[in-house]
Amino acid sequence: MTVRFTTHLADGREIFYFDRLPGADRSAVDQRTDLPPAHTTSQIRWDPLFRDYTTVAGHRQQRTYKPPADLCPLCASKDGKHTEIPADDYEVVVFENRFPSYSLNSADVVPLIDEPPFRSGPGAGRAEVVAFTSNHDLPFSQLPPEHVRTVIDAWADRTTGLSAYGSIDYVFCFENRGEEIGVTLSHPHGQIYGYPFVPPRFYKAGEAFEHHLERAGTCLQCDLMKAECEDGSRIVTTSEHWVAYVPFAARWPYEVRLVPRRHVPDLPALDDAERDDLARTYLTVLKAFDGLFDTPTPYIAGWQQAPVRRAREVWHLAAEIFTIRRAPGKLKYLAGSESGAAVWVNDIAPETAAQRLREAVPT
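Calculation criteria
Here the residue numbers are simple positions, counted from 1 along each chain's written sequence. Reporting of local features is limited, given that this is a predicted model, to residues whose pLDDT is at least 70; pairs of side-chain atoms are given and counted only at 80 or more, and all residues count toward the totals for whole chains, interfaces and linings. Where side-chain values are given, they derive from all heavy atoms of the structure, hydrogens and water being excluded. Strands are treated as partners if at least two bridges between them are detected by DSSP. A run of H or I in DSSP counts as a helix once it spans at least four residues, and a run of E counts as a strand once it spans at least two, with each numbered from the N terminus. Inter-axis angles, ranging from 0 to 180 degrees, are taken between N-to-C directions of lines fitted to C-alpha atoms, where helices are fitted over the stretch in contact. Relative accessibility decides the category of a residue: with a 1.4 Å probe and only protein chains considered, values under 20% of the type maximum give buried, values over 50% give exposed, and everything between is partly exposed.

Some thoughts on the sheet that holds strand β1 (residues 3–8)
Spatially, eleven strands are ordered β1-β2-β5-β8-β10-β9-β14-β15-β13-β12-β11 in an open sheet, and the strand pairing comes out antiparallel. Strand pairing shows two members of the sheet lacking a second neighbour, β1 and β11 (235–238), which therefore form its edges. The sheet shows a mean angle of 20° between the axes of neighbouring strands, direction not considered. Across six bridges, the pairing between strand β8 (residues 126–131) and strand β10 (residues 189–195) is antiparallel. Across the sheet, the residue bridging to A127 is Y193, located in β10.

Quick notes on unusual backbone geometry
Apart from glycine, the bulk of residues carry a negative phi angle, and the bulk of peptide bonds sit in the trans form. Here the bond from P116 into P117 is cis, since omega is 10°, no more than 30 degrees from zero. Considering the arrangement of structural elements, one finds P117 in the loop between β6 (113–115) and β7 (118–122). For R51, which is not glycine, the phi torsion reads 50° and is therefore positive. Along the chain, the position of R51 falls in the loop between β3 (43–47) and β4 (52–56).

Quick notes on the environment of D294
Within the secondary structure layout, D294 lies in the loop between α4 (272–290) and β14 (299–304). Considering only alpha carbons, one finds D294 and L267, 27 residues apart in sequence, at a separation of 33 Å.

Overview of the pairing of strand β9 (residues 170–177)
The buried fraction of β9 is high, at seven of eight residues. Where β9 and β14 come together, four bridges link them in antiparallel fashion. Directly across from E175, in β14, lies its bridge partner A301.

Focus on the pairing of β1
When β1 meets strand β2 (residues 14–19), the two strands line up antiparallel, connected through six bridges. Paired with T7 across the strands is I15, a residue of β2. Here β1 folds back onto β2, and the loop between the two strands holds five residues, one of which, G12, carries a positive phi near 100°.

This is a description of form; function is not addressed.
Following this line, the structure appears as structure tokens:
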């Protein structure tokens, strides 16, 4: 059973330590007494033409950018070097981002504008950083399964915690890995966003779930998973509780959808057996991605959970893992069609991608 210890950093931000077993001392006090309060100006603006949100967060220009390993803010504090994590060691840590895309405090400084066609308001959500391990050089794919289980418990715990805020409508747990993706900190980490709206892509997915239930009387995600298992050509790996496959209409060169066999809305709804199995299956998928090329594969992995307040009964949890690398030394760029028209052109057939991923699954 994962144990959580909660405390605060010098500027008042919350920090949560997650450990597999009780007994670890995580009570170290943040020694950075001169740390100024975080300044956030997060704002969300509505685009009435495309019915989409844009977040404006100019304060993020000041965030830490590619520091040397000995100045990494995600390593534990030791040898007189004080970081974002006061303890001298840790398993998994989650803390409020010092340069957040969204902040509950923005409601105090950002005005509400409702003068059509211009509508905007404070980005009253929350952005948290997840440090997966204290080992600066150990990628997620090389963590032991029992450690990954602690990460899963941390994701679930923070999903519940962020969902309790009245201004947060969607909780998104994700990891960016690799400089090609745009990562500015090399320490193994991810993020959790509590959006003050349901991101349009997930809003549309919720509508698809609802329409399919009305029309067919069944869960769309369940039906997709069943059809993929029956077809078999796009399956990457399966386990007792999980199925990983390349979607029939995959947008990215290598893209995997990881789905629980049981119909659950979000990570907190997973039971112990499903979380244990997920730790193993998730590692299998990440190792398959790393087996595609001679160098570590850059990827984005994110959890598509049910919105906090809508479509929860019809939603079926899934993870999406994809890479922008299409071949050794070649990236998939979002050029005219993708960036301008939001129409993806995939250079690799999903069936071919699935075969290559299956061949890269460790034995």
